[in-house]
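Chain by chain, the residues:
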Amino acid sequence: MVEEKELVLALQTVSQKEKAFRELVSQYKERLYWHIRKIVLNHDDTDDVLQNTFIKIFKNVHHFKGDSKLFTWMYRIATNEAITFINKKAKQKNITIEGVKELLISKLESDVYFEGDAIQLQLQKAIATLPQKQQLVFNMKYFENHTYENLSEILNTSVGGLKSNYHLAVKKITAFLKSNETF
Amino acid sequence: MKPFKVTEVKKQMKDKKNNNGFNTPKDYFEDFEDRLFHKISEDSLPKESGFKTPEGYFDQLDSAILESVEATTKQVKVISLFSKKTLAYAAAIAACAILVFSLTNTNNSITNIDSIEISSIESYIEEGNLTLDSYDIASLFKEEYLDSITIENEFISEDLLEDYLLEYIDDSSILIE
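Below: a short report on this structure. (Residues numbered from 1 in each chain as written. Chains lettered and ligands numbered in written order. Predicted model: local features only at pLDDT ≥ 70, side-chain atom pairs only at ≥ 80, totals over all residues. Heavy atoms only, no water.)

### Structural notes on the overall build of chain B
Inference 1: Across its full length, chain B holds seven helices and zero strands.
Inference 2: Listing the helices and strands of chain B from first to last along the sequence gives α-α-α-α-α-α-α.
Inference 3: Evaluated residue by residue, chain B yields a buried proportion of 12% over its 177 residues.
Inference 4: Of the roughly 16,600 Å² of accessible surface on chain B, a fraction of 58% belongs to carbon and sulfur atoms. (Helix = DSSP H or I, 4+ residues; strand = E, 2+ residues; numbered from the N terminus. Buried < 20%, exposed > 50% of the residue type's maximum accessible area, 1.4 Å probe, protein only. Areas by Shrake-Rupley, 256 points an atom, 1.4 Å probe, with all protein chains shown as cover.)

### Overview of the nonpolar core
Inference 1: Formed by 69 residues in total, the largest nonpolar core has its most connected members in Phe21(A), Leu32(A) and Phe138(A).
Inference 2: The element best represented in this core is helix α4 (residues 70–93) of chain A, accounting for eleven residues. (Core = buried A, V, L, I, M, F, W, Y, C linked by side-chain atoms within 4.5 Å.)

### Brief notes about the interface of chain A and chain B
Inference 1: Taken together, the 38 residues of chain A in the interface contact 25 residues of chain B.
Inference 2: Taken over both partners, the interface formed by chain A and chain B buries close to 3,100 Å², and the fraction arising from carbon and sulfur atoms is 70%.
Inference 3: Across the contact surface, chain A and chain B share two salt bridges.
Inference 4: The shortest N-O distance in the salt bridge between Lys52(B) and Glu115(A) comes to 3.8 Å.
Inference 5: Connecting chain A to chain B are eleven residue pairs in polar contact (both at pLDDT 80 or more).
Inference 6: Secondary structure elements with two or more residues in the side of chain A that touches chain B: α2 (14–40), α3 (43–60), α6 (118–128), α7 (132–143) and α9 (159–179) of chain A.
Inference 7: Looking at the side of chain A that touches chain B, the element that brings in the most residues is α2(A), giving ten residues.
Inference 8: For the side of chain A that touches chain B, a count of residues per class yields 22 nonpolar, eight polar and eight charged. (Contact = heavy atoms within 4.5 Å. Buried area = accessible area lost by both parts, 1.4 Å probe. Salt bridge = Lys/Arg side-chain N within 4 Å of Asp/Glu carboxyl O. Polar contact = N/O pair within 3.5 Å; in protein donor to acceptor, adjacent residues only side chain to side chain. Nonpolar A, V, L, I, M, F, W, Y, C, P; charged D, E, K, R; others polar.)

### Some words on empty space enclosed by the protein
All names here are of chain A.
Inference 1: Applying the stated rule across the entire model yields two cavities of 30 Å³ or more.
Inference 2: Of the voids in this model, the largest cavity is the one considered here, and its volume is about 40 Å³.
Inference 3: Forming the walls of the largest cavity are Ile 39, Ile 83, Lys 101, Gln 132, Gln 135, Leu 136 and Asn 139.
Inference 4: In terms of residues, the lining of the largest cavity owes the most to one element, α7, which gives four residues.
Inference 5: Taken together, the residues of the lining of the largest cavity sort by class into three nonpolar, three polar and one charged.
Inference 6: For the second largest cavity, the calculated volume is near 30 Å³.
Inference 7: Every residue along the wall of the second largest cavity is listed here: Lys 38, Leu 41, Lys 101, Ile 105, Gln 124, Ile 127, Ala 128 and Gln 135.
Inference 8: When residues in the lining of the second largest cavity are grouped by element, the largest group, three residues, is from α6. (1 Å grid on protein atoms, 1.4 Å probe; cavity = no way out; pocket = protein on both sides within 12 Å on 5 of 7 lines; lining within 4 Å. Points joined across faces, edges and corners; volume = space filled by probe spheres on them.)

### Concerning the layout of surface pockets
Inference 1: The volume enclosed by the largest pocket comes to roughly 410 Å³.
Inference 2: What lines the largest pocket is a set of 15 residues, among which His167(A), Lys171(A), Asp34(B), Arg35(B) and His38(B) lie closest to the centre.
Inference 3: Secondary structure elements with two or more residues in the lining of the largest pocket: α9 of chain A together with α2 (28–44) of chain B.
Inference 4: For the lining of the largest pocket, the class distribution of residues is four nonpolar, five polar and six charged.
Inference 5: Those elements that provide at least two residues to the lining of the second largest pocket are α2 of chain A together with α3 (57–79) of chain B.

### Some points on the environment of Leu7(A)
Residue and element names in this part refer to chain A.
Inference 1: Here Leu 7 lies in helix α1 (residues 2–11).
Inference 2: Counting along the chain gives 14 residues from Leu 7 to Phe 21, while the straight-line C-alpha distance between them is 8.7 Å.
Inference 3: Residue contacts for Leu 7: discarding those within four places in its chain leaves Ala 20, Glu 23, Leu 24 and Leu 70.

### Topic: α9(A)
Inference 1: Across its 21 residues, α9(A) extends 30 Å between first and last C-alpha, which sits within 8% of the 30 Å expected from 1.5 Å per residue.
Inference 2: Within α9(A), the full set of buried residues consists of Leu162(A), Asn165(A), Tyr166(A), Ala169(A), Val170(A), Ile173(A), Thr174(A) and Leu177(A). Seen along its axis, α9(A) keeps its buried residues to an arc of 160 degrees; they face one direction. Every exposed residue of α9(A) that faces more than 90 degrees away from the buried side is listed here: Lys171(A), Lys178(A) and Ser179(A).
Inference 3: Against α6, α7 and α8 (148–155) of chain A together with α2 of chain B lie the buried residues of α9(A). (Expected span 1.5 Å × (residues − 1). Arc of directions from axis to C-beta.)

### Digging into the packing of α7(A) against α8(A)
Residue and element names in this part refer to chain A.
Inference 1: In contact at an axis separation of 11 Å, α7 and α8 are set at 140 degrees when each is read in the N-to-C sense. It follows from the interaxial angle that α7 and α8 lie oblique. Remark: the crossing between α7 and α8 carries right-handed chirality. Together, Lys 133, Leu 136, Val 137, Met 140 and Lys 141 of α7 and Tyr 148, Leu 151, Ile 154 and Leu 155 of α8 make up the contact between the two elements. (Axes fitted to C-alpha atoms, helices over the stretch in contact; angles between N-to-C directions. Parallel < 35°, antiparallel > 145°, perpendicular 65-115°, else oblique. Left-handed = near helix turned anticlockwise from the far one by under 90°.)

### Quick word on the pattern of salt bridges
All names here are of chain B.
Inference 1: Inspection of the entire model under this criterion finds seven salt bridges over all chains.
Inference 2: A salt bridge links Asp 43 to Lys 39, with the nearest nitrogen and oxygen atoms 3.7 Å apart. Taken together, the residues span about one helical turn, with Asp 43 and Lys 39 both in helix α2 at a distance of four residues.
Inference 3: Under the relative-accessibility criterion, Asp 43 is labelled partly exposed at 47%.
Inference 4: Overall, Lys 39 belongs to the partly exposed group, its relative accessible area being 46%.

Shown next, in the form of structure tokens:
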């Protein structure tokens, strides 16, 4: 916690901002990358969104009031940027958000940067059938191992709500995998 | 058949007057099966997502991010070269110009509907842009006494009428008197 306070202070001091920002990027780039990747699915889009996320972080860190953890705040920005990206794509192609997700999933199999086996592909397909909130909760709880408390701050939802979202997600995914068994 | 005799255990717990001081969270046993099967399902899912990155991606990422941050902050700096004073003057002049234009331009609007081509009116209606409700139409009618309305009978000749009926009505049973 002391470390974070120091980091935030440095980020909000003009003379130290760049150095502190480099440190921030180095520490958090991977976690933020994977978080975004699970939402937008392909590498190039993730790269774009990640860069935009860090730009936003850099520009707005002087607004950060410390009422949440720095990392929580950054995760929230990343989530919003990724969702905005999906929404934009939906508008451009004049389809629903679910439609965009389906489109991205269909490209996954031939994606050079997806080396998942059959069941991992099925899992991605299963996740894509969930409502957006459940997708987020599932990805963050299952793959990223956030605690419910962390998630509650990031997603602005009660722990109880998150738990039921997660349980529902697991149920639906399991059912999907069972009904689509090809192996 | 339930593999766990939850109901029996529950009964036993209730019957016991003293649990030796131990207690469980609320609904612990009621929810036990759900939680257990949930855990089993979860365990059957693949642990890795299957996504991967290009080789060396994360190594080059730091400098890439710093470059793009620099690029956007540079843009912001350029904009701030305009002093507030010149902006205020420019805004004032623009406002005056807009005011002058809007006052002198009222004559140019098309008020004559004849000058609009019929084809553009047709396509306007076809696209569903014409929103008329019955009140709009009613307001266009002149008031006339019912008695003074005469209905003409000679609009269509009988021959024309007959030809039309023969051509368009398939069910000839209607035509036969």
